[in-house]
Amino acid sequence: MPELQLLRPDHAPALLAFERENRAYFAASVPDRGDEYFTRFDERLSALLAEQEAGVCRFHVVAGAGGEVLGRINLYDVADGGAELGYRIAEHAAGRGLATWAVRELAALAAGTYGLTFLTAATTLDNAASQAVLARTGFTVVGERRLSGRPGLAYRRAL
């Protein structure tokens, strides 16, 4: 059974492996992180943990039974009762309902533990899988949005 875990420094090796192994897969549907992300991974992780400590963001990994990272699911720009949701699931774990499960789990955590009242999200128009996950988990389209120059949709969900 997978588990949501708040991002910790000891996740670094598994998280880096997850990002490297799935880089091409992710780049097919979301903007690539670029080479610098990987060469400066430790610095980036430290910055994320600092943001989390400050309460600006909440970063989570979807951990498998063996401790491997199956996905990431995060809340960005936590403010005024809301946050932006973002997630990515490993290619070998996709298509099994893991993203839907993780979004539902994080929505419950966002409401119960973090005290949020709404979430926003966005996805590109060509990412039908992400659109389906957001629809299944109670998000509704609230407008259009550009994501790294690509057309997309903006979503919102009350908690």
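Read on for an overview of the structure. Computed from a prediction, not measured in an experiment: that's the story for all the values here.

### Concerning the overall build of the protein
Alright, step 1. The helix and strand tally for the protein stands at six helices and seven strands.
Alright, step 2. If you list the helices and strands of the protein from N to C, you get β-α-α-α-α-β-β-β-α-β-α-β-β.
Alright, step 3. Against the compact-globule benchmark of 15 Å for 159 residues, the protein has a radius of gyration of 15 Å, which places it among compact chains.
Alright, step 4. For the C-alpha atoms alone, the extent of the protein along its principal axes is close to 35 × 35 × 30 Å.

### With respect to empty space enclosed by the protein
Alright, step 1. In total, this model carries one cavity of 30 Å³ or more according to the counting rule given.
Alright, step 2. What the largest cavity holds in volume is close to 50 Å³.
Alright, step 3. Its residues assigned to classes, the lining of the largest cavity shows five nonpolar, no polar and five charged.

### Examining unusual backbone geometry
Alright, step 1. In this model, Asp 80 sits at a positive phi of 55°, which is unusual for a non-glycine residue.
Alright, step 2. Summarising the element assignment, Asp 80 is placed in the loop between strand S3 (69-79) and strand S4 (82-89).
Alright, step 3. The class of Asp 80 is exposed, set by a relative accessible area of 78%.

### As for the pairing of strand S5 (residues 118-124)
Alright, step 1. For S5, the tally of buried residues reaches six of seven residues, placing the bulk of the element in the interior.
Alright, step 2. Each parallel crossover has a hand, and the one from S4 via helix H5 (residues 98-112) to S5 is right-handed.
Alright, step 3. Relative to strand S7 (residues 150-158), S5 runs antiparallel, the two being bridged by seven bridges. Each residue of the ladder has a partner; that of Thr 124, found in S7, is Gly 152.

### Here's the deal with the pattern of salt bridges
Alright, step 1. The full count for this structure, using the stated rule, is nine salt bridges.
Alright, step 2. Two residues, Asp 126 and Arg 150, come together in a salt bridge whose shortest N-O distance is 2.9 Å. Taken together, the residues Asp 126 in the loop between S5 and helix H6 (128-136) and Arg 150 in strand S7 connect sequence positions 24 residues apart.
Alright, step 3. Here the salt bridges share partners, and the residues they tie into one network are Glu 19, Arg 33, Arg 72 and Arg 88.

### What about H6?
Alright, step 1. Every buried residue of H6 is listed here: Ser 130, Val 133 and Leu 134. The arc enclosing the buried residues of H6, seen along the axis, measures out at 95°, which places them on a common side. Pointing more than 90 degrees away from the buried face of H6 are the exposed residues Ala 128, Ala 129 and Ala 135.
Alright, step 2. Looking at the packing, one finds that the buried side of H6 touches S4, H5, S5 and S7.

### Here's the deal with the nonpolar core
Alright, step 1. Ranked by size, the top nonpolar core spans 42 residues in total, and within it Leu 15, Val 62, Ile 73, Leu 75, Leu 85, Leu 119 and Phe 139 carry the most contacts.
Alright, step 2. The residues contacting Leu 75, other than those within four sequence positions of it, are Cys 57, Arg 58, Ala 83, Glu 84, Leu 85, Leu 106, Ala 110, Tyr 114, Leu 116 and Leu 119.

### Some points on the pairing of strand S2 (residues 58-63)
Alright, step 1. Counted residue by residue, S2 has five buried out of six residues, so it is predominantly covered.
Alright, step 2. Pairing analysis gives four bridges linking strand S1 (residues 3-6) to S2, with the strands arranged antiparallel. In the strand pairing of S2, Glu 3 is matched with Ala 63.
Alright, step 3. Bridge count between S2 and S3: six bridges; the pairing is antiparallel. Residue Val 61 lies in a different strand from S3, and its bridge partner there is Arg 72.
Alright, step 4. The antiparallel pairing of S2 with S3 creates a hairpin that spans five residues between the two strands, and Gly 67 there sits at a positive phi of about 90°.

What counts and what doesn't
- Residues numbered from 1 in each chain as written.
- Predicted model: local features only at pLDDT ≥ 70, side-chain atom pairs only at ≥ 80, totals over all residues.
- Heavy atoms only, no water.
- Helix = DSSP H or I, 4+ residues; strand = E, 2+ residues; numbered from the N terminus.
- Rg over C-alpha atoms; globule rule 2.2 N^0.38 Å.
- 1 Å grid on protein atoms, 1.4 Å probe; cavity = no way out; pocket = protein on both sides within 12 Å on 5 of 7 lines; lining within 4 Å.
- Points joined across faces, edges and corners; volume = space filled by probe spheres on them.
- Nonpolar A, V, L, I, M, F, W, Y, C, P; charged D, E, K, R; others polar.
- Buried < 20%, exposed > 50% of the residue type's maximum accessible area, 1.4 Å probe, protein only.
- Right-handed = clockwise from strand over helix to strand, strands pointing away.
- Pairing = 2+ DSSP bridges.
- Salt bridge = Lys/Arg side-chain N within 4 Å of Asp/Glu carboxyl O.
- Arc of directions from axis to C-beta.
- Contact = heavy atoms within 4.5 Å.
- Core = buried A, V, L, I, M, F, W, Y, C linked by side-chain atoms within 4.5 Å.

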